Structure formats: C-alpha cells, structure tokens
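Descriptive structure summary
Read off the chains here:
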Amino acid sequence: MNSDFFGIYISVDDLLITIGVMAAVLFVMFILLIVNMGKTGRLRKRYEAFMQGKNAESLEETLSTRIQQIDQLLASEIKNREDIENISAILQNTFQKVGMVKYDAFHEMGGKLSFSLALLDQKNDGFIINAMHSREGCYTYIKEILNGNSIIVLAEEEKEALNVALGKKEKISENL
C-alpha cells in the first residue's frame, strides 16, 4: 500500500520503520534529559551551598583576603627559616654539654664541698672549673678543653666531669 504525501510516494512499511526509529531516538533523548536534569540538580545544590550567604563581590573579596593571608604566611615561613638557621649557628658556640662531680678534696672535711664542672659546646670545646674547698679557703682552677681533650693533665674528678659532659658517664673516682 502506497500513500501520496506531498507528492512523495512512501510505502506504509517505510513509514512504520521511520516512526519506530523516531520513537527510539525520542526515547533515548528522554533518558538523556532525565540524566541531565539529575546532574543539573546536583550541580545547583553544590552551587547554592557554595554561594550561601555570599554574592559575587563578597566571594571575590573573601578569595582575595585568603590569597593575601597565604602570601603573609609564606613570607613569615621564610623569616622563620632564617631565624632557625641563625639560632642553629649561634647554638653551635654555646655550652650544651655539662658534667659535674662533687667530691671531698680533703678527706677530713666531709660534706663533699669541692666540685669539678665541665662545660662544652657542640664541638666539645670548653673548660673545666675545679673548686677545692679546704679549712683554709677555696681554691679554683680552670683548664681549657679542645675537642674533648685537655693539654694539661686532669685530676680524676676532672676526668669524670669531662666524661659525664661527653656522655660517657664512666665512674673513675671512688670518692663519690
């Protein structure tokens, strides 16, 4: 069966196939429309949550403020690094290691009033102060320490104080 439609001869079978294809395309387009509506709804919710209580100008101002704050933090971080490096350089020359030994220089005195005090820096340079207390007075001596060693011979208590400062903690003297 043929139909004359605007001067074009179309068979009914061709017309049914065309309508079926168009219905399939329409169905696919309807599915895509539903999917896009869902995505648009989710995007709108995100946008509204992001823009809640804000207009474009205040949002731009907020972002600008945050960028300035980040720039200030970066500048502060650079200054902090420089300060830490300066402090580390200064600390290398300060006394960091301490060792002290109290003893009784003259056994008749008692009370362990004499002491040896070792003060060393990071490179194990420094000095040992030895104060010996007796009935007649107190005598104080100082000996220079370079790289953990002394040029002058050390007394037992001074050696022990030096070992404590160096972290060896060997007990040399029996006077304790």
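Whatever comes next refers back to the structure up there.
An account of the accompanying structure is given in this report. (Residues numbered from 1 in each chain as written. Predicted model: local features only at pLDDT ≥ 70, side-chain atom pairs only at ≥ 80, totals over all residues. Heavy atoms only, no water.)

A few words on the pairing of strand β6 (residues 138-146). Relative to β6, strand β5 (residues 126-133) is paired through eight bridges, and the arrangement is antiparallel. Across the sheet, Ile129 pairs through a bridge with Ile142, a residue of β6. With antiparallel pairing between neighbouring strands as the criterion, β5 and β6 make up a hairpin whose turn holds four residues, including Gly137 at a positive phi of roughly 160 degrees. With two bridges connecting them, β6 and strand β7 (residues 149-150) associate as antiparallel partners. Residue pairing across strands places Ile145 opposite Ser150, the latter belonging to β7. Between the end of β6 and the start of β7, which pair antiparallel, lie two residues, with Asn147 showing a positive phi angle near 55 degrees. (Pairing = 2+ DSSP bridges. Helix = DSSP H or I, 4+ residues; strand = E, 2+ residues; numbered from the N terminus.)

Per the counting criterion, the structure on display carries one aromatic pair. On the numbers, 5.2 Å between centres and 90 degrees between planes, the contact of Phe95 with Phe127 is edge-to-face. Here Phe127 lies in strand β5 and Phe95 lies in the loop between α2 (56-91) and β3 (97-103), a separation of 32 residues in the sequence. (Phe/Tyr/Trp six-rings, centres within 6.5 Å; stacked < 30°, edge-to-face > 60°.)

The next point concerns the nonpolar core. Considering soluble globular proteins, one finds that nonpolar side chains tend to be buried as a cluster. Counting nine residues, the largest nonpolar core is built from Val101, Ala118, Leu120, Ile128, Ile145, Leu154, Ala161, Leu162 and Ala165. Secondary-structure elements contributing two or more residues to this core are β4 (114-120) and α3 (156-166). For this core, the element with the most residues is α3, which contributes three residues. When neighbours within four sequence positions are excluded, Leu154 is seen to be in contact with Ile128, Lys143, Lys159 and Leu162. (Core = buried A, V, L, I, M, F, W, Y, C linked by side-chain atoms within 4.5 Å. Buried < 20%, exposed > 50% of the residue type's maximum accessible area, 1.4 Å probe, protein only. Contact = heavy atoms within 4.5 Å.)

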